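Inside the fold
Chain by chain, the residues:
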Amino acid sequence: MNPAIETKELCYAYEDGTTALDHITLSAGRGRITGILGANGAGKSTLFLNLNGVLTPKEGAVTVNGRRAVYDRKGIREVRRQVGIVFQDPDDQLFSADVYRDISFGGVNLGLEPEEGRILTVCGMAAAFSALFGTPLTAAVFALEVVHVGVIQYAALVPALLSSLVGFLLAGWLRVPPTAYTVSGLAALSPLSLLQMVVVGALCAVLAVFFCAVTHGAGHVYAKVLPDPRLRALVGGALVLLLSLLDGGLSHQYYNGAGGNLVEAAVTAGGMGVEPWAFLAKLLFTAVTLGAGFRGGEIVPTFACGATFGCVTAPFLGLSPSFGGAVGMVATFCGVTNCPLSSILLAYELFGGDGLPLYALAIAVAYRLSGYSGLYSEQQIIYSKRVPREIDRKAE
């Protein structure tokens, strides 16, 4: 009787050269329950992904019900009809082995080629970002820039920009006003202001690294202490409720929520009511929420942390709190997303063209000094930030 699944001399290595499967030969009998045991990192998940066609073996063969797996579109579809996988961490990937293939799942399953599906996904990202924030130029470039840092696929530029503009117009038609802030005390371009921007950019780079470390670290702590994700969600909700009670009670929330009120206070109101520790309080709420398993909505809390931090530190550097909040917001956004071009366009669309060279300098410094930290752990950083050399690594 043929085995249900069989492998012969199966090999697989990741792009960084790490060997995960080294000439694996096994046979799983039909009608039997077969367990595969091993330590973390032993290659169990990689093996299963090879059996299902999510990953393609470098060498060897996989046989399903007596037929050797073929890794073209038709062959993979046939394998997946017979071999199913329940992912051990569905919060991270739903359908594919990396985030870009994951978000292009819909387009691919409409019969599009993978590259066309990715363009469709970029269009969706651009339209949603543009409609939400009212920043069509930022949205289009951000969708192109965020997944693979250092590489922009210009083939998607026209559809991304068109989708972004349509999303912007649709939001306007629905009477959703675009996001905009009034900046006061703008610094003039001078040697002193250039030095001030370098310092602010460096400080925001440190904040960005700290933001990513705390939010990712909170998730690891939750997972270690509370392995059951349902229990994590319950405890996380209770913690947010407790913090909300401390934050002026349920009827008056200042640090809970997305954080747009903090950006408004830091930038438009010139720091009125912003406490020196406001960015830490907002970070605490964000880390507790994201660590418990909540997904989405990280961008505005990033804005809030950067704006309040910049607002508080600006007077020490001889800058106005409003301008410091604006610079801190876009520089920190750049530090956590690794998207400098999008951040420069964001400064233009949110604050206007005045002082754009100063915003750009702070953003560039934050990008250069924030290392390889990132808000999105599946983000691929293709080129080094220090020298023009390909490194192709995931954000930390």
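Source: prediction; values computed, not measured. (Residues numbered from 1 in each chain as written. Predicted model: local features only at pLDDT ≥ 70, side-chain atom pairs only at ≥ 80, totals over all residues. Heavy atoms only, no water.)

In this section: the overall build of the protein. Summing up its helical and strand segments, the protein has 15 helices and seven strands in all. On C-alpha atoms alone, the protein measures out to a radius of gyration of 24 Å, which is about the 21 Å that the 2.2 N^0.38 rule sets for 396 residues. With the principal axes as the frame, the protein shows a C-alpha extent of 80 × 45 × 45 Å. Counting over 396 residues, the protein shows a buried share of 44%. For the protein, the share of sequence-separated contacts (at least 6 apart) that also reach a separation of at least 24 residues comes to 62%. (Helix = DSSP H or I, 4+ residues; strand = E, 2+ residues; numbered from the N terminus. Rg over C-alpha atoms; globule rule 2.2 N^0.38 Å. Buried < 20%, exposed > 50% of the residue type's maximum accessible area, 1.4 Å probe, protein only. Contact = heavy atoms within 4.5 Å.)

Bringing the pattern of salt bridges into the picture now. Tallied over the entire structure, the rule returns one salt bridge. For Arg230, the salt bridge goes to Asp228, with nearest N and O atoms at 3.1 Å. Judged by relative accessible area, Arg230 falls into the exposed class, the value being 68%. (Salt bridge = Lys/Arg side-chain N within 4 Å of Asp/Glu carboxyl O.)

What follows covers helix 10 (residues 260-268). Every buried residue of helix 10 is listed here: Leu262, Val263, Ala265, Ala266 and Val267. Buried residues belonging to helix 10 abut helix 11 (278-291), helix 12 (299-313), helix 13 (321-337) and helix 14 (340-351). Phi turns positive one or two residues past the end of helix 10, at Gly270, with a value near 65°.

Further remarks concern the pairing of strand 2 (residues 19-28). Note that strand 1 (residues 5-13) and strand 2 share six bridges and pair antiparallel. Note that in strand 2 the partner of Thr7 across the bridge is Leu26. Counting the residues that bridge the hairpin from strand 1 to strand 2 gives five residues, and of these Gly17 lies at a positive phi of roughly 95°. (Pairing = 2+ DSSP bridges.)

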